[in-house]
Amino acid sequence: MNKTIMAGCAWALSLILLVTACSGNPEGDKEAVPKDGNAPITLSVFSGQRADVENLETNTFSKYVENKLNIKFKWEVVPNAGLNDKKQLLLASGDYPELFLDGNLTQAEQLKYGQQGVFIPLNDLIDQYAPNVKKAFKDIPYLQKGITAPDGKIYSIPQINECYHCWYAQKMWINTKWLEKLGLSMPTTTEEYYQVLKAFKEKDPNGNGKADEIPLSGAGDPATWHGNIDGFLMSAFIYNNSADYFTMKDGKVDFAPNKPEWKKGLEYMNRLYKEGLIDQASFTQNQDGLKQLGNNPDTAILGSFTAGHIGMVVDTAPGKTRHKDYDAVPPLKGPDGVQLSGYFAGVGNGTFAITNKASKEKAIAAMKLADYMYTEEAALLSIFGPEGKWWSKAKPEEKDVRGRPAKYITAPEFDSIQQQNEHWSQMGSSLRTRDYRESFAVPQDPLGNGGYEYRLYLATQKYEKYQPKEMYPISIFMDPQDADAANQLRTTINAYVKTSMVEFIIGRKNLNNDWDAYVKGLDGLNLPQYMKIYQKAYDSVYKKSS
């Protein structure tokens, strides 16, 4: 995944809302020197260390922020892989810093340590010292609601990344060259898709005289971003976000995997599997295994696959052409008229929190830092570095993905940087609105070099109108005791659903004989109590403020 796409997907899944805060002149090569001559305020800071950032102490953006805001960072940095363990150790020991700048703070952690007094409430500080954050609250009503705990207090500020193609990441990609050769149209229903897969299997679309075509494959490894085939296919029967399996109607949360519609979806996938249309490795292989199929050296053998974006599976590097033969399949309509797309916008974990170790003066300085990070200048400089190196203002003739005059353009070499010390590489709180993200110049050929973001933008338009009318929030505050119980139940329930789903699809379990026992098994795992916890959490946040 290249860095331009990482700038869309990272904290993807997480992190995704709309606002238009902007301040300052986005020219990071011009230092902002404090005018009052006062000594800088030192802030002890905890943060993760991105692999491509050399040294946060000497980093160009670090120095720019220190000069601009008259602060001095005292860094406590850990590799990203160990961030959560180190965070928990610090909080448990009491030896924590004044500021968590990049804390990956869950709602449960925010509430637990907020109510213990470790994290201080930010409400008054935001009101007095954070006009950009307040503007975000005004522009996006559900942002404030999403970060406000049930006690009415805000303990953390999130990273906001309104990535359009990440919102609709549950995509299917199909070989359109094969469709054209076989005289087939892009499938629009589950039955049409079945017929396409049969043709891929039986009619030698790659023309090599061998029965080596794989009609459909995916990646069952949870680390593969939306590589699971059930996510896309099941949503032609009932909504399946492959995460919590919740559905919503009239403010009531329900569970999809014990419904008759879920059973119908399993029957459909079992049919595909029995006829050899689904790759047997789809439920066990990781992304690397799927990529080997997509980039088979001799000839194309992969007819369709599930993935958040095509470059996860088929090489899109300059000079490679096979990826041009694939296009996104719109959400399929099922036999009962269901046609849904996975939707993943929302407020993710918090990044920024001030602890009770900070004096009033330091808390104010930290809040001003959080507010600065919610500007367009900070978004540019913290992710791309100083103007003129890896980004610049666009020329009048350059267009963005919407066909408007572009505001900015990035240098092609930005995607290939291995090590740098100019920016923070998406660390900490930042605000990237959809309008900002889509204001960068792109080639108007989506299949040409540099046109990948434009290609994803066009592909995603096929999914936008099919999101459910109601959805359970991606993350939500709940009582700490409820959160502990919910996490334990979620682990066992989700594992049971995923294991049973595969067993039904491959025929190890029989849908006619074993379905009722499967449903009873969910109740045995305390599904009713699980649903009560999540309904209580929803009501406490959304019905209270409605």
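Residues numbered from 1 in each chain as written. Predicted model: local features only at pLDDT ≥ 70, side-chain atom pairs only at ≥ 80, totals over all residues. Heavy atoms only, no water.

> Help me get a handle on the overall build of the protein chain, residues and values and all.
For the protein chain, the helix and strand inventory stands at 20 helices and 14 strands. Relative to a compact globule of 546 residues, whose C-alpha radius of gyration would be 24 Å, the protein chain shows 24 Å and is just as compact. Across the 546 residues in the protein chain, those meeting the buried criterion constitute 55%. The contacts of the protein chain with a sequence gap of at least 6 include a subset with a gap of at least 24, amounting to 78%. As displayed, the protein chain offers around 22,900 Å² of accessible surface, 49% of which is attributable to carbon and sulfur atoms. Side chains of the protein chain carry 62 positive and 66 negative charges; the gap between the two charge centres is 2 Å. (Helix = DSSP H or I, 4+ residues; strand = E, 2+ residues; numbered from the N terminus. Rg over C-alpha atoms; globule rule 2.2 N^0.38 Å. Buried < 20%, exposed > 50% of the residue type's maximum accessible area, 1.4 Å probe, protein only. Contact = heavy atoms within 4.5 Å. Areas by Shrake-Rupley, 256 points an atom, 1.4 Å probe, with all protein chains shown as cover. Lys, Arg positive; Asp, Glu negative; His and termini not counted. Charge placed at Lys NZ, Arg CZ, Asp CG, Glu CD.)

> Could you give an account of the pairing of strand S2 (residues 71-79), naming the residues involved and the relevant values?
For strand S1 (residues 41-49) and S2, the ladder comprises nine bridges, and the chain directions are parallel. From the neighbouring strand, glycine 48 faces S2, where its bridge partner is valine 78. Viewed along the sheet, the connection from S1 through helix H2 (residues 60-69) into S2 turns out right-handed. (Pairing = 2+ DSSP bridges. Right-handed = clockwise from strand over helix to strand, strands pointing away.)

> Any chance you could break down the sheet that holds strand S6 (residues 172-175) for me, citing the residues and the numbers?
Taken together, the three strands give an open sheet; going across it, the order is S9-S6-S10, and neighbouring strands pair in antiparallel fashion. Across the chains shown, the open sheet's two edge strands, defined by having one partner strand only, are strand S9 (304-306) and strand S10 (326-329). Strand-to-strand twist in this sheet, taken as the mean axis angle between neighbours without regard to direction, amounts to 30°. Relative to S9, S6 runs antiparallel, the two being bridged by three bridges. Within S9, the position partnered with tryptophan 173 by the bridge is phenylalanine 305. (Axes fitted to C-alpha atoms, helices over the stretch in contact; angles between N-to-C directions.)

> Could you give an account of the environment of arginine 322, with specific residues and numbers?
With respect to the helices and strands, the residue arginine 322 is situated in the loop between S9 and S10. Each C-alpha atom of the pair arginine 322 and threonine 299 lies 9.3 Å from the other, and the pair is 23 residues apart in sequence. When sequence neighbours within four positions are dropped, the list of residues in contact with arginine 322 reads Gly294, Asn295, Asn296, Pro297, Asp298, Thr299, Ala300 and Val314.

> I'd like a description of the pairing of S1, backed by residues and values.
The buried count for S1 comes to seven of nine residues, which makes it a mostly enclosed element. Here two bridges tie S1 to strand S3 (residues 99-100), and the two strands are oriented parallel to one another. Considered in S3, the bridge of valine 45 is made with leucine 99.

> Help me get a handle on the environment of threonine 433, residues and values and all.
In this fold, threonine 433 is placed in the loop between strand S14 (431-432) and helix H16 (434-437). Judged by its relative accessible area of 5%, threonine 433 is buried. Taking the C-alpha atoms as reference points, threonine 433 and glycine 227, separated by 206 residues in sequence, lie 26 Å from one another. Polar side-chain contacts of threonine 433 include one of 2.8 Å to the backbone nitrogen of tyrosine 436. (Polar contact = N/O pair within 3.5 Å; in protein donor to acceptor, adjacent residues only side chain to side chain.)

> So, the packing of helix H12 (residues 260-274) against helix H18 (residues 480-506): which residues are in play, and what are the values?
One can describe the packing of H12 onto H18 by two numbers: an axis separation of 7 Å at closest approach and a directional angle of 50°. As judged from the angle between their axes, H12 and H18 are oblique. Counting all contacts with H12, which are made through Trp262, Leu266, Met269, Asn270 and Tyr273, the residues of H18 involved are Val497, Met501, Phe504, Ile505 and Ile506. Classifying every residue of the contact of H12 with H18 gives nine nonpolar, one polar and no charged. (Parallel < 35°, antiparallel > 145°, perpendicular 65-115°, else oblique. Nonpolar A, V, L, I, M, F, W, Y, C, P; charged D, E, K, R; others polar.)

> Can you explain H2? Please cite residues and give values.
Three or more residues of H2 are buried, namely Phe61, Ser62, Tyr64, Val65 and Glu66. Buried residues along H2 sit in contact with S2, helix H14 (360-373) and helix H15 (376-384). Phi for asparagine 70, located one or two positions after H2, is positive at around 55°.

> Please set out helix H3 (residues 83-93) residue by residue, giving values where relevant.
Structurally, the α-helix is built with 3.6 residues per turn, so residues lying three or four positions apart point the same way. Among the residues of H3, those classed as buried are Leu83, Lys87, Leu90 and Leu91. Seen end-on, H3 carries its buried residues on one side only, within an arc spanning 95°. Across from the buried face of H3, at angles greater than 90 degrees, the exposed residues are Asp85, Leu89 and Ala92. Each element contacted by the buried residues of H3 is listed here: S1, S2, S3 and helix H4 (107-115). Immediately downstream of H3, the backbone of glycine 94 shows phi near 85°, a positive value. (Arc of directions from axis to C-beta.)

> Break down the sheet that holds strand S4 (residues 157-158) for me, with residues and values.
Across the sheet, which stays open at both edges, the five strands sit in the order S2-S1-S3-S11-S4 with mixed pairing between neighbours. The two strands at the open ends of the sheet, each matched to only one other strand, are S2 and S4. Looking at chain direction, S3 and strand S11 (residues 350-354) are connected through two bridges and run antiparallel. Bridge pairing links leucine 99 to isoleucine 354 in S11. Its contacts with the sheet place H3 against S1, S2 and S3, and it is angled at close to 140° to S1.

> So, the environment of leucine 447: which residues are in play, and what are the values?
Tracing the chain through its elements places leucine 447 in the loop between H16 and helix H17 (452-460). Residues leucine 447 and isoleucine 354 lie 93 residues apart in sequence; the distance between their C-alpha atoms is 45 Å. In this view, leucine 447 contacts His323, Lys324 and Arg455; residues no more than four positions away in its chain are not counted.

> Break down the side chain of serine 282 for me, citing the residues and quoting the values.
Inspection of the secondary structure puts serine 282 in the loop between H12 and helix H13 (287-294). Judged by its relative accessible area of 2%, serine 282 is buried. Non-local contacts of serine 282, meaning those with residues more than four positions away in its chain, are made with Leu216, Ser217, Gly218, Ala219 and Gly220.

> I'd like to hear about the nonpolar core, residue by residue, with values.
Counting residues in each nonpolar core, the largest one holds 108 residues, and the members touching the most others are Leu233, Trp262, Leu266 and Phe305. Grouped together as the second largest cluster of nonpolar side chains are 56 residues, Tyr64, Phe73, Leu122 and Leu380 included. (Core = buried A, V, L, I, M, F, W, Y, C linked by side-chain atoms within 4.5 Å.)

> Any details on the pattern of salt bridges? Residues and values, ideally.
Going through the model one piece at a time under the given rule, you end up with 24 salt bridges. Ionic pairing is found between lysine 135 and aspartate 139, a salt bridge with its closest N-O pair at 2.7 Å. Placement of both lysine 135 and aspartate 139 in helix H6 (residues 131-139) is noted, with a separation of four residues, approximately one turn of the helix. For lysine 135, a relative accessible area of 33% translates into the label partly exposed. Here arginine 404 ties to aspartate 400 by a salt bridge, and the two come within 2.7 Å at their closest N and O atoms. Residue arginine 404 is classed as partly exposed on the basis of its relative accessible area, which comes to 26%. Using a relative accessible area of 0% as the deciding quantity, one classes aspartate 400 as buried. Salt bridges sharing partners connect three or more residues here, namely Asp400, Arg402, Arg404, Arg434, Asp435 and Glu438. (Salt bridge = Lys/Arg side-chain N within 4 Å of Asp/Glu carboxyl O.)

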